[in-house]
Amino acid sequence: MTAMDCSKARSLLPDAQRGRLSQQPNLELRAHLDTCRACARLDAEERTLSDLLRSRLARPQASPAFRARLAARLAVPNDQPKPAPKRSGWLRKHQVSVPLALAGALAATFLLWSRATPVGMNNPVLREAVNDHLRVLYAAHPIEIENGGLHQVKPWFTGRLDFAPDLAFSGDDEFPLLGGAVGYFIDRKAASFVFKRRLHTISLFVFRAEGLPWPREPQRPMAHVQAQVGSVNGFSFVLWRTRDLGHALVSDASTDSLLQLGSKLVVAR
Amino acid sequence: MSQLEAEPDVHTVASDALAHLDALYAFACHLARDQALAEDLVQETFARCLVGGRQFTAGTNLKAWLFRILRNVFIDLRRREGRSPIRAVSDVPDASEEQVRTLEQLRGDVEIDRLRRLVAEDIQAALHALCDDQREVVLLDLEDFSEQEIAEVMGCAAGTVKSRLARAREALRARLWEYAR
């Protein structure tokens, strides 16, 4: 095996840090970083930069008022005048075609939008859980550590989170565990795990629950804990807390399936 | 695949698109650096999405498609303002490879810890000091898009994304080191 030079190593760092590098080049890169102080420093800086961007860069959320205004605009039929916007925005200033465009396309969207903004989505915890599940579905590489058993997955989180995820269920034939990753849940780090249920992808997010506005959905027993169960935007969810940790299961699988998996998760603890 | 899947219903596309509202809004805020303007950009993005929803190919990445629309809306805005759409010059010069290497050798773990203590305002200021195309590529990378997806959003080659991202992050690090001193 030829030793890797600095130029090659640096070109591979981005893919390695995003979990997109195959095993052999990754091993060669690790060997180079073990011996090259400058490249190891760059690796550390890049990781620090990624961490800073993910944890500290403001990620503004659309306000409920904007969300509602957008929905209302889309819901107003063609022959009804819309109220004038309160401020003089770029759209109005430049007469961009929102009202005209929407009028033609949206005669039948009232039901769509009323369905797409259910009460539950106004809760930040639920909204984040569903959005994070969508990120898992859309991400090219949602898993950073493949499941090789809990003895492999759980230690991987050490040093990457400020808490220990209380996962003790490593999957079974019914709910195979594919792996895990570190992500963010609203303003804090979270462990995310990906399970399968036949063709359905199920996301489990574990995060510190302190200070989060927990939704007020009705509670149902799930093994020995009380869980909040429901569905928003076509996704089922099950939320529960144990001590200071919050847990969110989200999937397009049925709520019964999620309750089954949730029971296995809490019983195995 | 059925014909229905091949030609998606515009309402279904719009419904799915709403799930990306926060991501689109955050991207728009960092592009426009103004929340009111960001709302306008997102609003126009949804309008174009609804009008052109049938152009979306089922099974491809809806989020990337929406981000491409939003970016085009932003470029249109720049053009209306008479500004070059994405070629504004960054005020952070590129360091030569030799300079970068020398700097790296000087920095110890203690100094990297200084980077870690930077606050949100520093990170945002450094990001916003980048030129538009560099800021875009950093933000799209943060959204976990692949290089190919970023290339499709930005309308360039995947190789261009790689080099552009490397230069953007290098400029970001240079700026943040200044703040961390």
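Just so you know, these numbers come straight off a predicted model, no measurement behind them. (Residues numbered from 1 in each chain as written. Chains lettered and ligands numbered in written order. Predicted model: local features only at pLDDT ≥ 70, side-chain atom pairs only at ≥ 80, totals over all residues.)

### Section: the overall build of chain A
Next up, step 1: On a plain count of helices and strands, chain A comes out with ten helices and eight strands.
Next up, step 2: In chain A, 59% of the contacts between residues at least 6 apart in sequence involve partners at least 24 apart. (Helix = DSSP H or I, 4+ residues; strand = E, 2+ residues; numbered from the N terminus. Contact = placed C-beta atoms within 7 Å.)

### Notes on the overall build of chain B
Next up, step 1: For chain B, the count of helices and strands is eleven helices and zero strands.
Next up, step 2: In sequence order, chain B lays out its α and β elements as α-α-α-α-α-α-α-α-α-α-α.
Next up, step 3: With 181 residues in all, chain B has 43% of them scored as buried.
Next up, step 4: Taking as baseline every contact in chain B between residues at least 6 positions apart, the subset at least 24 positions apart corresponds to 74%. (Buried ≥ 20, exposed ≤ 12 C-beta atoms within 10 Å, placed from the backbone.)

### Observations concerning the environment of Ala-191 of chain A
Residues and elements named next belong to chain A.
Next up, step 1: Along the chain, Ala-191 turns up in strand S3 (residues 188-197).
Next up, step 2: Given 26 C-beta atoms within 10 Å, Ala-191 falls into the buried group.
Next up, step 3: The spatial distance from the C-alpha of Ala-191 to the C-alpha of Arg-160 is 9.1 Å, given a sequence separation of 31 residues.
Next up, step 4: Ignoring any residue separated from it by four or fewer positions in sequence, one finds Ala-191 in contact with Phe-157, Leu-161, Pro-165, Gly-180, Val-182 and Val-206.

### A word on the pairing of strand S4 (residues 200-208) of chain A
All names here are of chain A.
Next up, step 1: Across eight bridges, S3 lies against S4 in antiparallel orientation. By the bridge assignment for S4, Phe-193 is matched with Leu-204.
Next up, step 2: Hairpin connection from S3 to S4: two residues lie between these consecutive antiparallel strands, with Arg-198 at a positive phi of about 50°.
Next up, step 3: The pairing of S4 with strand S8 (residues 245-251) spans seven bridges and is antiparallel. (Pairing = 2+ DSSP bridges.)

### With respect to helix H10 (residues 255-267) of chain A
Residues and elements named next belong to chain A.
Next up, step 1: Over its 13 residues, H10 extends 18 Å from the first C-alpha to the last, a length consistent with the 18 Å expected when each residue adds 1.5 Å.
Next up, step 2: Turning to H10, its buried residues number three or more, namely Ser-257, Leu-258, Leu-261, Gly-262 and Leu-265. All buried residues of H10 lie within an arc of 135° about the axis, which places them on one face of the element.
Next up, step 3: Considering only its buried residues, H10 is in contact with S3, S4, strand S5 (219-222), strand S6 (225-232), strand S7 (235-242) and S8. (Expected span 1.5 Å × (residues − 1). Arc of directions from axis to C-beta.)

### Some details on the sheet that holds strand S1 (residues 145-146) of chain A
Strands pair in a sheet through their backbones, by hydrogen bonds, and they do so in one of two ways: parallel or antiparallel.
Residue and element names in this part refer to chain A.
Next up, step 1: Taken in spatial order, the eight strands of this open sheet run S1-S2-S3-S4-S8-S7-S6-S5, and their pairing is antiparallel. Single-partner strands in this sheet number two, and they are S1 and S5.
Next up, step 2: Alignment of S1 against strand S2 (residues 177-185), held across two bridges, turns out to be antiparallel. Bridge pairing in S2 places Ile-145 opposite Gly-180.
Next up, step 3: The strands touched by H10 are S3, S4, S5, S6, S7 and S8; relative to S7, the strand with the most contacts, the crossing angle is about 25°. (Axes fitted to C-alpha atoms, helices over the stretch in contact; angles between N-to-C directions.)

### Comments concerning the nonpolar core
Next up, step 1: Core analysis: the biggest nonpolar cluster contains 93 residues, and Phe-237 of chain A together with Ala-28 and Leu-70 of chain B have the highest contact counts within it.
Next up, step 2: Per-element tally for this core: the top contributor is helix H5 (residues 62-80) of chain B, with ten residues.
Next up, step 3: The contact partners of Phe-237 of chain A, leaving out residues within four places of it in the chain, are Leu-126, Ala-129, Gly-230, Ser-231, Val-232, Ala-248, Leu-249 and Val-250 of chain A. (Core = buried A, V, L, I, M, F, W, Y, C linked by C-beta atoms within 7 Å.)

### Overview of the pairing of S7 of chain A
Residue and element names in this part refer to chain A.
Next up, step 1: Among the eight residues in S7, six count as buried, and that is most of the element.
Next up, step 2: Where S6 folds back on S7, the antiparallel hairpin that results is connected by two residues, among which Asn-233 adopts a positive phi of roughly 50°.
Next up, step 3: As defined by bridge partners, S7 adjoins S8 across seven bridges and the pair is classed as antiparallel. Bridging across to S8, Arg-241 finds its partner in Gly-246.
Next up, step 4: Between S7 and S8, which pair antiparallel one after the other, the connecting turn spans two residues, and Arg-243 there sits at a positive phi close to 50°.

### Observations regarding unusual backbone geometry
Residue and element names in this part refer to chain A.
Next up, step 1: Here the phi dihedral of Ala-223 falls at roughly 55°; this positive angle occurs in a residue that is not glycine.
Next up, step 2: Residue placement: Ala-223 occurs in the loop between S5 and S6.
Next up, step 3: A positive phi angle, close to 50°, is found at Arg-243, a residue other than glycine.
Next up, step 4: Along the polypeptide, Arg-243 turns up in the loop between S7 and S8.
Next up, step 5: Judged by local crowding, Arg-243 falls into the exposed class, with 6 C-beta atoms found within 10 Å.

### Some remarks on the confidence of the model for chain A
When pLDDT is low, close inspection of the predicted coordinates is not appropriate.
Residue and element names in this part refer to chain A.
Next up, step 1: In this model, chain A carries an average pLDDT of 77, and 77% of its residues clear a pLDDT of 70 or more.
Next up, step 2: When the elements of chain A are averaged for pLDDT, helix H7 (residues 110-116) gives the smallest value, 35, and S8 the largest, 94.
Next up, step 3: Predicted confidence for residues 76-119 stays below pLDDT 50, and this span has 55 contacts to residues more than four positions away or in other chains. (pLDDT = per-residue confidence, 0-100.)

### Some points on the packing of helix H8 (residues 120-128) of chain B against helix H11 (residues 158-180) of chain B
Residue and element names in this part refer to chain B.
Next up, step 1: For the pair H8 and H11, interaxial distance at closest approach is 9 Å and the crossing angle is 140°. By the angle class used here, H8 and H11 are oblique. Between H8 and H11 lies a crossing whose hand is right-handed. Between H8 and H11, the contacting residues are Asp-122, Ala-126 and Leu-127 on the first element and Leu-172, Arg-175, Leu-176 and Tyr-179 on the second. (Parallel < 35°, antiparallel > 145°, perpendicular 65-115°, else oblique. Left-handed = near helix turned anticlockwise from the far one by under 90°.)

### Topic: the packing of helix H3 (residues 37-56) of chain A against H11 of chain B
Next up, step 1: Relative orientation of the contacting elements H3 of chain A and H11 of chain B amounts to 85°, with a least axis distance of 11 Å. Relative to H11 of chain B, the element H3 of chain A is oriented roughly perpendicular. The residues of H11 of chain B that touch H3 of chain A, namely those facing Glu-45, Glu-46 and Leu-49 of chain A, are Arg-169, Leu-172 and Arg-173 of chain B.
Next up, step 2: Of the residues assigned to the contact of H3 of chain A with H11 of chain B, the class counts are two nonpolar, no polar and four charged. (Nonpolar A, V, L, I, M, F, W, Y, C, P; charged D, E, K, R; others polar.)

### Remarks on the environment of Ser-15 of chain B
Next up, step 1: Among the secondary structure elements, Ser-15 of chain B is positioned in helix H2 (residues 10-18).
Next up, step 2: On a C-alpha basis, the gap between Ser-15 of chain B and Leu-50 of chain B in space is 9.8 Å, while along the polypeptide they are 35 residues apart.

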